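Descriptive structure summary
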Amino acid sequence: MESTISSIGLNDYEEGLVQGHLKVLNTKTHRTWHYQGANMDADLIITKRPITVTSQTCVAILSGDVFKKVDDRCYHIGESLRIFSFLELLRDIEDNAERESKDDENMPAILAAEQLSLYCHTLSDRQSHFQIVIGEQILCQGYSDQGEWHLMTRFPKKELIHQLATKTINLKKSQSVQVQDTQHEGIHHFSVRAIVWELSIAYPSREPFKDQLFKIATWPLLGTWHTEPYMPRLSALYGRQFASIAEGAKFTNSSETQVHAFLTACQLCQLGMKKQPLPLNQATHTEETTSSSDNHETAGLLKGLRRKLGLAFGYE
Amino acid sequence: MNPTDNPVFSPTLKVKCDALLNGYTDDDHHLEFLSLSTSDGYILAHSRSESGLLNCRRISAMSSSLSGISIELAKETRNTNMEGSIIECETGFLICRLVRTDGIDAVLLGVFSKESNHGMALWTLKNIAKSISEFLTVYK
Amino acid sequence: MNNGKKILFIGSMGAGKTTAISSISDDPPVTTEAMNSARHISDKQTTTVAMDFGRIYLDQFDAIDLYGIPGQDHFDFLWPILEKGALGAIFLLDCSQGDIPETLDRFCNAFARLRDNNAIVIALNRTDQHSVQRCQQWLFDNNLTLPLILSDPRERTDVLMLLELLIANVEAELFSAGETQ
């Protein structure tokens, strides 16, 4: 993919520096960046003063000593235009762009999960039925069985998830339906919460999230619902205490996006999510105590047990 | 029905067994207490206890646990056909003995005073176990 | 060999404790079985009268001990003895037997120290949606956040998943205490 850089107010030396950096760095970036000289029409504009640009354009101001991200569209990269700051700038712009494109991709799935969760949560009449439709096509029928909402459909799970994730759905009440059992050829039954869970995990929102402290009151049904290796630890952490997304990511060696998706899934599956603001000093919420030798020994034993039994989580 | 009562034993049989055990403790002043339980811990019968403070339910369960562990310990040390076990105390000693009959595996526990002689106590309990086994076989 | 840490298997008679230990123990487990005279409660031929004991060897120095309790109430004097030093407990619940809330009450109260530390994993066997709901409702009513999972104690992979959840909980506790690895 090609992207363009231009400049405003740079002298010949500085422009030469930009071009020289690009020759080296284009092997280290996902995109190929081309320098266009001085103009206002580029993906990235390097300038010495703040300027007004379109919402899609990024601006990098030669200011200060070090690289600093002001927001997703504005950066300070240091007056001396060091090559490593320049590399950091290009990579961050690329990551943002990728995230934003995935945001658009995941939106139907996110909406579908939210719609389904909200609809079932607010349906007070457990005798009622509903349908999920895409256009004129009925995707599945919803019904309640022993207090839990289920979906009955002709689609296998993978296909159902794909449909929910890629199309705009509508939910509407329907007449009572005859619930056919799974012996009936081609009929599948899924718990609504299992579907909402899987949608939320597989298609996470990539919008910036407000980090707070989170806690859940109920464990997800791991082993029955879609389960990833990091989920037992996340469930254990948020089940026993309030913790931030950063702490969850650190504890499980996973990304903050994954942790955010997990917490979103917990919320949509009605697992008793509670939130608290982060402490003012933004320090880690966990106690900073010196670990005892007992704890250290226990941690070592558990690590050994995981290794011995080949248990899922590996975080060497 | 008390969940710790054993459905194997009828009330009539229990009364007879209680009387049988009381007879043994009455005859031998070194033998302070007897209890008979199933090998899985249910009370079958017990003699009177002098203080009246013994928890016979727990004693039955503990006897069977002791027997269970003793059997495994014997196997682990390459000994076969465990017959019983002894617990030594400052104030006396306890002997546990297996009683096998058709249909019931039981554990007999005897509590002996410290004045009792080990050899005599073992012999006494062995004979009591034999008598109980015969009694249960006949009664059946 | 150093003394190992301990994991407990708890639950009513016939819930599958002995089976679960057998499926993961490195040594053939020591069992203390006697003839079951209470066939009206569980139709098993034998029942545990003291404990089951298994072991998972980590290396030549370390091991994790697996203890199964005898499930009947009259053996409850053994439960605190076996509980000492346990990292946590796997609670096997056969949903086809007995009253589910009553069983949950009994064992979670008997092992209150582990319960209060979130160190009990509840494994449901022979279950249906209704049983899962009842368990979840009981946890909610008692303000407990314990892992609940459907599991067959005969299946090694299922039992390993139970261990996974237990280990995760202990690790979360250590993480909270500042021990990170």
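Residues numbered from 1 in each chain as written. Chains lettered and ligands numbered in written order. Predicted model: local features only at pLDDT ≥ 70, side-chain atom pairs only at ≥ 80, totals over all residues.

Here we look at helix H1 (residues 17-24) of chain C
- The buried fraction of H1(C) is high, at 6 of 8 residues.
- For H1(C), the secondary structure elements touched by its buried residues are strand S1 (5-10), strand S2 (30-35), strand S3 (46-57), strand S4 (63-68), strand S5 (86-94) and helix H6 (156-176) of chain C. (Buried ≥ 20, exposed ≤ 12 C-beta atoms within 10 Å, placed from the backbone. Helix = DSSP H or I, 4+ residues; strand = E, 2+ residues; numbered from the N terminus. Contact = placed C-beta atoms within 7 Å.)

Some remarks on the confidence of the model for chain B
- Within chain B, residue pLDDT values average 88, and 92% of them lie at 70 or more.
- Scored as a complex, the prediction yields pTM 0.77 and ipTM 0.91. (pLDDT = per-residue confidence, 0-100.)

Re the nonpolar core
- Counting 141 residues, the largest nonpolar core has B:Leu108, C:Ile90 and C:Phe91 as the members making the most contacts within it.
- Sorting elements by how many residues they give to this core places H6(C) first, with 12 residues.
- Looking at which domains feed residues into this core, each of domain 2 (106-200) and domain 3 (209-309) of chain A gives three or more.
- Sequence-distant contacts of B:Leu108, that is, excluding residues within four places in its chain, are made with B:Leu34, B:Leu36, B:Arg97, B:Val99, B:Leu125, B:Ile128, B:Ala129 and B:Ile132.
- In terms of nonpolar packing, the next biggest core, distinct from the first, is built from 15 residues, A:Leu44, A:Ile46, A:Cys58 and A:Ala60 among them. (Core = buried A, V, L, I, M, F, W, Y, C linked by C-beta atoms within 7 Å. Domains from an automatic or database assignment.)

Some points on the interface of chain C and chain A
- Counting residues at the interface gives 37 residues for chain C and 40 residues for chain A.
- Broken down by secondary-structure element, the contributors of at least two residues to the side of chain C that touches chain A are helix H5 (129-141), strand S7 (148-150) and H6 of chain C.
- Among the elements that line the side of chain C that touches chain A, the one with the most residues is H6(C), at 14 residues.
- Here the residues of the side of chain C that touches chain A sort into 21 nonpolar, 10 polar and 6 charged. (Nonpolar A, V, L, I, M, F, W, Y, C, P; charged D, E, K, R; others polar.)

Describing the environment of B:Asp18
Residue and element names in this part refer to chain B.
- Tracing the chain through its elements places Asp 18 in helix H1 (residues 11-27).
- The partly exposed category is assigned to Asp 18, around which 17 C-beta atoms lie within 10 Å.
- In this structure the C-alpha to C-alpha distance between Asp 18 and His 46, which are 28 residues apart in sequence, comes to 5.4 Å.
- If near-sequence neighbours (up to four positions away) are discounted, Asp 18 is found in contact with Ala 45 and His 46.

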